[in-house]
Amino acid sequence: MRDIRLKEGVSNMEYVKIFDTTLRDGEQAPGATMNIEEKVRIALQLEKLGVDIIEAGFPAASEGDFDAVKEVAKNITKSEVAGLARATKEDIQRAWEAIKYANKPRIHTFLATSDIHLKYKLKIDREEALKRAVEAVKFAKKFTDNVEFSAEDACRTDLDFLCRVVEAVIDAGAKTVNIPDTVGYITPMEFYNIISTIKKKVKNINKAVISVHCHNDLGLATANSLSALLAGARQVECTINGIGERAGNASLEEIVMALKVRKDVYNLATKINTKLIYRTSKLVSQITGMMVQPNKAIVGANAFAHESGIHQDGVLKERLTYEIMTPESVGIPQSVLVLGKLSGRHAFKKRVEEMGYNLTEEQLNKAFKRFKELCDQKKYLYDEDIDAIISEEILKLPEKYRFVYLNVVSGNKTVPCATVEIDVEGKIVKDVAVGNGPVDAVFNAIKKIIKTKSKLLSFVISAITMGTDAQGEVTVKLEEGGRQVVGKGVDPDVLVASAKAYINALNRLAFKKEVSQNKEMLP
Ligand code: KIV
Ligand code: ZN
């Protein structure tokens, strides 16, 4: 391994392509299903963020995936739009049908190459795999020159065979060759060695870009990706907040900020506008309902919070003592008091636009109405409140069930009792239930109306800003028939927030049942 301690003062930085797969591998995270409108919103934000390639989905997986990829392709102009396809003519043709609307379409075809996958999953030998990989790339080339090939489970593939596959698919016309650590097994030194060996042994390697795609099963996805970049990879596949299958994918924000903060080590640049990282992270967690852990690097709530007295004292004297990057550099806003009871629609619209939202008049009117209602309940409103209003009122899934009314009687000497009204597909249904506590009573009343068989896996309440009049944010995780979903609800009344979160999760469950019939096809 070469000495990575580079000299101060870096020049002639090479450039790394950022391939974002939040909408494809990210969506494979349990509970992260998104509808078409939500995918387009995220794609537009990714484009603003500056990602080079947006992997919009896996068109052959389901009608829903196909339509979402097509819609993303139609809306994105600057970034490339990739569609995933297994190494079959049907999948590749289907991927092309969806991505052909993009300004810069890319077909991303994949085939497993490790002996474990060949023997147990595909039941073919190495020669057959090589043949299929080449055929797939040649077929994809009939539609576009922009073809990427991924050797699934590359890191557990015999290295000589992997080199043969890479050379053959480049000869067949692949412009990008991706080396995924599909099961999150590799370590940074080993990965450095794999990429260096490919660079050294594959004769035509300079005709393609080497890409890497790491999973986080051992918590090494970012470290492995960075190690591969040091060895010569020039495309990195990642997701916002690191969401993805199992323990997730390499996190975009961690890789980009590591390259930026430690350019003395990596000497590599990206086109990412890092000031939009936080907003993008928020959008993805709001839409997927997957909360970012507080201690998550770069975007976690505590990532820039200095708790100990010694640290606080140091930072006050000189930020550099304990801060390697500023919260501003990733776009973390201070909790600024923005608007209040007397603010008009114009001021609200301006703030919403400053925050990066692009709402239609109808959406804006709806959000403004909710904002005014909130002003009657809460003295001060912060950016976080506006975020919550927009994610609650605007970015929601198609609603089968809509919260209408809640009344709870509770106290230390009474049996908690809740009355709930829900609009079920246009019909108002009301019921009453008691419970072991007020939340239990609320949930029991909702269950009487919706008759769900789902199991409650977790229930978390937090305050989104400071003060006792802060809005409560409730997150509810449910499971039914192997499907997991996360629902959110926000309201100054934590019981109303709880009811909204539960109903939101039940809507997600209903939505997921409809769209996920073909999940078993996913890689
Ligand atoms: O993890 C993986 O191997 C993948 C490929 C389809 C690139 O997601
Ligand atoms: Zn993957």
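The rules behind these values
- Residues numbered from 1 in each chain as written.
- Chains lettered and ligands numbered in written order.
- Predicted model: local features only at pLDDT ≥ 70, side-chain atom pairs only at ≥ 80, totals over all residues.
- Heavy atoms only, no water.
- Helix = DSSP H or I, 4+ residues; strand = E, 2+ residues; numbered from the N terminus.
- Rg over C-alpha atoms; globule rule 2.2 N^0.38 Å.
- Buried < 20%, exposed > 50% of the residue type's maximum accessible area, 1.4 Å probe, protein only.
- Contact = heavy atoms within 4.5 Å.
- Areas by Shrake-Rupley, 256 points an atom, 1.4 Å probe, with all protein chains shown as cover.
- Lys, Arg positive; Asp, Glu negative; His and termini not counted.
- Charge placed at Lys NZ, Arg CZ, Asp CG, Glu CD.
- Pairing = 2+ DSSP bridges.
- Axes fitted to C-alpha atoms, helices over the stretch in contact; angles between N-to-C directions.
- Near = heavy atom within 4 Å.
- Polar contact = N/O pair within 3.5 Å; in protein donor to acceptor, adjacent residues only side chain to side chain.
- Nonpolar A, V, L, I, M, F, W, Y, C, P; charged D, E, K, R; others polar.
- Donors = N, O, S within 2.8 Å, 3.2 Å for Na, K, Ca; no water.
- Salt bridge = Lys/Arg side-chain N within 4 Å of Asp/Glu carboxyl O.
- Core = buried A, V, L, I, M, F, W, Y, C linked by side-chain atoms within 4.5 Å.
- Phe/Tyr/Trp six-rings, centres within 6.5 Å; stacked < 30°, edge-to-face > 60°.
- Lys NZ or Arg CZ within 6 Å of the ring centre and 35° of its normal.

1. Re the overall build of the protein
Thought 1: Helix and strand counts for the protein stand at 17 helices and 18 strands.
Thought 2: The C-alpha atoms of the protein give 25 Å as radius of gyration, which agrees with the globular expectation for 523 residues (24 Å, within 12%).
Thought 3: Each principal axis of the C-alpha distribution contributes one length, and for the protein these read about 75 × 55 × 40 Å.
Thought 4: Out of the 523 residues in the protein, the part that is buried amounts to 55%.
Thought 5: Pairs at least 24 apart in sequence give 68% of the contacts found in the protein among residues at least 6 apart.
Thought 6: Element-wise, carbon and sulfur atoms account for 52% of the exposed surface of the protein, whose accessible area totals about 23200 Å².
Thought 7: Positive and negative side-chain charges in the protein, numbering 76 and 71 respectively, have mean positions lying 1 Å apart.

2. Notes on the sheet that holds strand S18 (residues 483–491)
Sheet strands pair via backbone hydrogen bonds, and the direction of the pair is either parallel or antiparallel.
Thought 1: Strand order in this open sheet of 3 strands is S16-S17-S18, and the pairing throughout is antiparallel. Of all strands in the sheet, those with a lone pairing partner are strand S16 (455–463) and S18, marking the two edges. On average, each strand axis in the sheet is inclined to that of its neighbour by 15°, with strand direction left out of account.
Thought 2: Pairing between S16 and strand S17 (residues 472–480): 8 bridges, direction antiparallel. Bridged to Ser458 within S17 is Lys477.

3. Things to note about the site of ligand 1
Thought 1: For ligand 1, the full set of nearby residues is Arg24, Asp25, His108, Phe110, Ser150, Glu152, Asn178, Pro180, Thr182, His213 and His215.
Thought 2: Residue Thr182 places a side-chain N or O atom 2.6 Å away from an oxygen atom belonging to ligand 1.
Thought 3: Among the elements of the structure, strand S5 (105–112), strand S6 (147–152) and strand S7 (176–181) are those that each provide at least two residues to the shell around ligand 1.
Thought 4: Residues of the shell around ligand 1, tallied by class, amount to 2 nonpolar, 6 polar and 3 charged.

4. Notes on the pairing of S6
Thought 1: Of all 6 residues making up S6, 6 are buried, and the element is well covered by its neighbours.
Thought 2: Neither face of S6 is exposed, since Val147, Phe149 and Ala151 on one face and Glu148, Ser150 and Glu152 on the opposite face are all buried.
Thought 3: Strand direction decides the pairing type here: S5 and S6, joined by 6 bridges, are parallel. Counted as the bridge partner of Phe110 is Ser150 from S6.
Thought 4: As paired strands, S6 and S7 are joined by 3 bridges and run parallel to one another.

5. Details of the sheet that holds S6
Thought 1: In space, the 8 strands of this closed barrel follow the order S2-S3-S4-S5-S6-S7-S8-S9, with parallel pairing throughout. Here the average twist between neighbouring strands, direction ignored, is 25°.
Thought 2: Of the strands in this sheet, S6 and S7 touch helix H6 (residues 159–172), which is tilted by about 150° from S7.

6. Concerning the coordination of the zinc ion (ligand 2)
Thought 1: Coordination of the zinc ion (ligand 2) by the protein comes from Asp25 (OD), His213 (NE2) and His215 (NE2), over a distance range of 2.0 to 2.1 Å.
Thought 2: Of note, the donors binding the zinc ion (ligand 2) are all from one chain and are spaced D-x187-H-x1-H. Taken together, the residues Asp25 in the loop between strand S2 (17–20) and helix H1 (36–49) and His215 in the loop between strand S8 (209–214) and helix H8 (221–231) connect sequence positions 190 residues apart. Neither residue differs from the other here; Asp25 and His215 are each classed as buried.

7. Focus: the pattern of salt bridges
Thought 1: One pass over the structure, following the stated rule, counts 37 salt bridges.
Thought 2: Here Lys369 and Glu373 are joined by a salt bridge, their closest N and O atoms 3.7 Å apart. Of this pair, Lys369 and Glu373 are both found in helix H14 (residues 361–377), 4 residues apart, which corresponds to roughly one turn of the helix.
Thought 3: The class for Lys369 is exposed, based on a relative accessible area of 55%.
Thought 4: For Glu373, a relative accessible area of 34% translates into the label partly exposed.
Thought 5: Among the salt bridges present, the one from Lys448 reaches Asp431, with a minimum N-O distance of 3.9 Å. Residue Lys448 is found in helix H16 (residues 438–450), and its partner Asp431 is found in strand S15 (residues 427–434); the two are separated by 17 residues along the sequence.

8. Some points on the environment of Lys451
Thought 1: Here Lys451 is to be found in the loop between H16 and S16.
Thought 2: For Lys451, a relative accessible area of 64% corresponds to the exposed category.
Thought 3: Taking the C-alpha atoms as reference, Lys451 lies 12 Å from Val424; in sequence the two are 27 residues apart.
Thought 4: At a separation of 2.8 Å, a polar atom in the side chain of Lys451 contacts the main-chain carbonyl oxygen of Lys448.

9. Here's the deal with the nonpolar core
Thought 1: Counting residues in each nonpolar core, the largest one holds 99 residues, and the members touching the most others are Ile179, Phe191 and Ile198.
Thought 2: In this view, Ile179 contacts Ala154, Leu162, Val166, Phe191, Ile194, Ile195, Ile198, Ile210, Ser211, Val212 and His213; residues no more than four positions away in its chain are not counted.
Thought 3: Listed in part, the 28 residues of the second largest apolar core include Phe443, Ile449, Ala501 and Ile503.

10. Digging into the packing of aromatic side chains
Thought 1: Tallied over the entire structure, the rule returns 8 aromatic pairs.
Thought 2: Here Phe139 and Phe143 contribute two aromatic rings whose centre-to-centre distance is 5.3 Å and whose plane-to-plane angle is 85°, an arrangement assigned as edge-to-face.
Thought 3: Using a relative accessible area of 12% as the deciding quantity, one classes Phe139 as buried.
Thought 4: Its relative accessible area of 23% is what places Phe143 among the partly exposed residues.
Thought 5: An angle of 50° between the planes, with centres 5.5 Å apart, marks the rings of Phe348 and Phe368 as tilted. One end of the pair, Phe348, is in helix H13 (residues 345–354); the other, Phe368, is in helix H14, with 20 residues separating them in the sequence. The pair formed by Phe348 and Phe368 is uniform in burial state, with each residue classed as buried.
Thought 6: Members of the aromatic cluster, joined through ring pairs, are Trp96, Phe139 and Phe143.
Thought 7: The ring of Tyr101 has Lys74 sitting right over it, with the charged end atom 5.1 Å from the ring centre.

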